[in-house]
Amino acid sequence: MDSDSDSDGSHVSATPPRDSFPPSPPPLLQSPPKHVPPVSRKITSSSSRSKPKAPIQPPPNPSQEAPLPSSSPPPPSPLFTNLPFRICESQPARFSSSVSSFSRLHSRASFTSDEKLKSDGVDFVPEPPQVEVIAPPKSVRRKPPNLITDTITSPPVKPMVFRSSGNGEGNFVKLNLNGKRGKKFPSKYKGVSKSRSNYAFRGKRYKKKEADGDGESLLEEESDLQKQVEEEANGFISSVEDAILAVKTEPSDENLTKLLNLVYGYDSFRDGQLQAIKMILGGSSTMLVLPTGAGKSLCYQIPAMILPGITLVVSPLVSLMIDQLKHLPSIIKGGLLSSSQRPEEATETLRKLREGIIKVLFVSPERLLNVEFLSMFRMSLSVSLVVVDEAHCVSEWSHNFRPSYMRLKASMLFSELKAECILAMTATATTMTLQAVMSALEIPSTNLIQKMKDLLILMESHPYKEIRSIIVYCKFQYETDMISKYLRDNNINAKGYHSGLPAKDRVRIQESFCSNKIRVVVATVAFGMGLDKGDVGAVIHFSVPGSMEEYVQEIGRAGRDGRLSYCHLFYDNDTYLKLRSLAHSDGVDEYAVGKFLTHVFSTETKQHEKICSLVIESASQKFDMKEEVMQTILTHLELGEVQYLRMLPQLNICCTLNFHKSSPNTLAARNTIVAAILKKSHVKQGLHVFDIPAVASSICVATTDVLAEIQTLKMKGEVTYELKDPAFCYTILKSPREICSLSSHLTKWLTEIESCKVRKLDIMSSAAVAAISVSDTSELSSSAKQTLSLQSRIFDYFNGDEKCDTPSKTTQNCAFLRADIKVFLQSNRQAKFTPRAIARIMHGVGSPAFPNSVWSKTHFWGRYMSVEFRVIMDAAQTELFNFVDRNAALAT
Ligand SMILES: Nc1ncnc2c1ncn2[C@@H]1O[C@H](COP(=O)(O)OP(=O)(O)OP(=O)(O)O)[C@@H](O)[C@H]1O
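Residues numbered from 1 in each chain as written. Predicted model: local features only at pLDDT ≥ 70, side-chain atom pairs only at ≥ 80, totals over all residues.

The name recorded for the protein in an unreviewed UniProt entry is DNA 3'-5' helicase, from Arabidopsis arenosa. Quoted verbatim from the Subcellular location (unreviewed entry) field of the UniProt record, the comment on the protein reads "Nucleus". (UniProt positions renumbered as here; feature names shortened; annotations may be inferred.)

A general trend in soluble globular proteins is that nonpolar side chains are found buried together. Counting 158 residues, the largest nonpolar core has V386, L423, A424 and V437 as the members making the most contacts within it. The element contributing the most residues to this core is helix α26 (residues 739-773), with 10 residues. Residues in contact with L423, not counting those within four places in the same chain, are I280, T286, L288, C299, Y300, L385 and V387. (Core = buried A, V, L, I, M, F, W, Y, C linked by C-beta atoms within 7 Å. Buried ≥ 20, exposed ≤ 12 C-beta atoms within 10 Å, placed from the backbone. Helix = DSSP H or I, 4+ residues; strand = E, 2+ residues; numbered from the N terminus. Contact = placed C-beta atoms within 7 Å.)

So, on to the pairing of strand β7 (residues 310-314). Each regular strand displays side chains that alternate between the two surfaces of the sheet. The element β7 is extensively covered by neighbouring structure, given that 5 of its 5 residues are classed as buried. Residues I310, L312 and V314 line one face of β7 and the alternating positions T311 and V313 line the opposite face, and both faces are buried. Pairing between β7 and strand β9 (residues 360-363): 4 bridges, direction parallel. Within the sheet, the bridge partner assigned to T311 lies in β9 and is V360. (Pairing = 2+ DSSP bridges.)

Turning our eyes to something else, we now look at the pairing of strand β6 (residues 286-289). In β6, alternate side chains face the same way, and those of T286 and L288 on one face and M287 and V289 on the other are all buried. As paired elements, β6 and strand β11 (residues 422-426) share 4 bridges and run parallel to each other. When the sheet's bridge partners are listed, M287 is paired in β11 with A424. Across 2 bridges, the pairing between β6 and strand β12 (residues 448-449) is parallel. Looking across to β12, one finds that L288 is bridged to I449.

Consider a sheet: its strands pair through backbone hydrogen bonds, and that pairing is either parallel or antiparallel. Strands sit in the order β18-β22-β19-β21-β20 across an open sheet of 5 strands; the sheet is antiparallel. Pairing within the sheet leaves two strands with one partner each, and these edge strands are β18 (611-615) and β20 (682-684). Pairs of neighbouring strands in the sheet enclose a mean axial angle of 35°, with direction left out of account. Here β18 runs beside strand β22 (residues 719-732); their pairing, made up of 5 bridges, is antiparallel. Its bridge partner lying in β22, V615 is registered against A727. Across the sheet, helix α20 (residues 616-623) is in contact with β18 and β22; its angle to β18 comes to roughly 65°. (Axes fitted to C-alpha atoms, helices over the stretch in contact; angles between N-to-C directions.)

For the peptide bond that leads from H462 to P463, omega is 0°, which places it in the cis range. Unusually for a residue other than glycine, D624 sits at a positive phi of about 50°. Tracing the chain through its elements places D624 in the loop between α20 and α21 (627-639). C-beta crowding within 10 Å serves as the criterion here: with 22 such atoms nearby, D624 is assigned to the buried category. Here Q685, not a glycine, exhibits a phi torsion of approximately 50°, which is positive. Tracing the backbone shows Q685 in the loop between β20 and β21 (687-691). For Q685, a count of 7 C-beta atoms within 10 Å puts it in the exposed group.

Next up on the list: the packing of helix α19 (residues 590-600) against α26. Relative orientation of the contacting elements α19 and α26 amounts to 125°, with a least axis distance of 9 Å. The angle between α19 and α26 falls in the class oblique. Both α19 and α26 take part in a crossing whose hand is right-handed. Residues E590, V593, G594, L597 and T598 of α19 form the contact with α26, whose participating residues are I739, C740, L742, S743, S744, L746 and T747. Here the contact of α19 with α26 is composed, by residue class, of 6 nonpolar, 5 polar and 1 charged. (Parallel < 35°, antiparallel > 145°, perpendicular 65-115°, else oblique. Left-handed = near helix turned anticlockwise from the far one by under 90°. Nonpolar A, V, L, I, M, F, W, Y, C, P; charged D, E, K, R; others polar.)

In this section: the sheet that holds β12. Across the sheet, which stays open at both edges, the 7 strands sit in the order β8-β9-β7-β10-β11-β6-β12 with parallel pairing between neighbours. The open sheet is flanked by β8 (334-337) and β12, the only strands paired with a single partner. Sheet analysis places β7 next to strand β10 (residues 383-388), joined by 5 bridges and oriented parallel. Among the inter-strand pairings, T311 is bridged to a residue of β10, identified as L385. Taken strand by strand, helix α5 (residues 273-281) contacts β6, β10, β11 and β12, and its axis lies near 165° from that of β6. Set on the sheet, helix α13 (residues 431-440) makes contact with β6, β11 and β12; between it and β6 the angle comes to about 155°.

Right, dumping it as structure tokens:
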């Protein structure tokens, strides 16, 4: 069985862990080739490797053995003698081009341009691990430049804002903020020009005089001040207008930076901003994935100043819209429309829209999809840009799926609103979510600004750009397609590879890679076993691997020819959390195992060698167990201490047979199998429907004999047939005396496998985070330290010291969890939940009885991904009891 993940992102193999011994060591890397800078430090492993602590021993399964090393290990180095692999480093003084390197995604530091410069555009110096992964609602922001009135009842305060000639409106939001007024001048204008910063000072003086009671001079000073402010404002506006004109004429980096400086007071763009702005100005729909606080808003605000039509910003929460409106530079006139607004507020905003006063309109998806709203735009307004903020809400795979976002399709935005361009923005999205968002919004894969871009940058920089053969490992099948396409779109000869591809395609890709017809293979864990290619020059991990074993095995595919080779790991918390959730997708409860065993052994066993069958799909649904989990249990029943059953070949057990030439009875008279078929089948619309194992058992032949016979009849033109219902087939050798104790034993074993998976992932993640977190303070570069840090973790791990010191990014408690579970249960009364089923839904993990396609629609889907699975299960159990008790009380 292939052990890479399903494209639905829900499958992580339920098979027992592989051999718990450290995987075979990759061949060691030798001295660098001539073109590589001199190696200053090499760390070599020895051939003797000690066993890591053995996890739960599964029943033997030869097909899952780790591959053997293809070359013999080298002599030990003085340092890290038992290390199962060696990492070489080229230039300690430089930050990049080390053999192992790391990128943390979703960390602000990794995106700052300074860091990038330092890192030669390849490796980033990331910040220490962030505990919070899912972007919290916006809270701490820039100081508000726009004006807010006190309360809804108070008369509107005339905002004192810089006005563009003609319209007299600022960005005016009504809020119940109890007496807090917005600043009259945006703080960001301070420092932009000397005179503007003086304003703040004069303002203080003015207030002091007012307190002193010098009324007349105060009035004079007020009018002087007013005049001066207006002059300054006019001067400011005309310089901004000049800068805008310059960008319109030539959207060069220089002109855009000038505008940035003038409006925001910043000297340079942050990572990704300039690229996004230029793409939008060029009319290209763009997907922007930058961490929270990285400055995404600016990426639509600047285009809004330049583009002729309105910029519509679709936002899922009113509070977000208000916050963003507040933070618009006052040079950009904004407005807000949401379903929760009072009619007069909406009417006022619509008036301003029609009069061309509003340039940026924040709107809820419900409002946007409203027919009247759409028709107003179609008739009279031109939309230059639609910004889909928190764009992950578009995808049902995301942690925050919003059904109303699902209707935001590019086709609708282009046809109904005549939008010219779409900008989708998010801080957190897995690749699966991105794929869904980009497909719904028709954003080409080349127009993505995020981790894939970092991968591209890495691959286009030294030394990766000179490497002839590279493997990029991802966690999910869909990622391999998406990333390889993205690389191809960027002129890199790449192909995706995963176990879901037809065997002949897989063979072809592997052969083309080996003969250097393909430069890059973007693959899941399924690629590499049996790969005989010595000159793989680099292995890049697009996501954190599931375990140290996996990591060491995969990086070991580089440098088998003894030449210097490289590895790089992109780390992001989102993927780590997703993998952690998926590690729970194979877990089972004793109750379900008991039910399953009862079903397995329910067949009458008096008949010797009776062939039993279990239709996979229906059993999977019934016991809420994945196929792999059922297979694991059945395998244990066959190969465990007691042999309860014997597994037979898996087959489609339900056959529908149509007789064409001879009559069924004539055939039956000379063919015992046909006779048995007639006995065991029922006739439906002239066709004989039967169960193959039942027929085989009735005449004591193998199921394969029955199949072979009907195939022969088909070749003779006697029959045609159809098969359905794939099933596990087995014969019972011994029934357990007590189902209860057997199911308890099996559950314990499966639970240990589940925890072992989580722990292995935590250890790997913690090692990567520890390596990323080392700082560049001493004579060694960060990169060298990262390499050493990881080496020592690997060394310790394979010597039995399973360090997992970095706290897991999951939390133990959550204030609203129990309340949310309660609401969830009340709104889904019809479903029969187990605590595990609830925990899976809260983690955004589908299961056979609670599939993604149905349950991802609930807004609790994946909401508690960062809370420990066990904690959710416990809370769910309590709430399920309460729920049952309450209902029982109501019934009496
Ligand atoms: N080029 C820049 N130089 C310096 N500061 C900047 C730059 N661009 C944006 N900022 C500042 O960074 C902060 C965060 O910006 P912003 O709110 O746009 O982030 P964001 O990516 O939209 O975050 P969120 O995910 O919370 O929406 C703001 O204070 C903003 O002024």
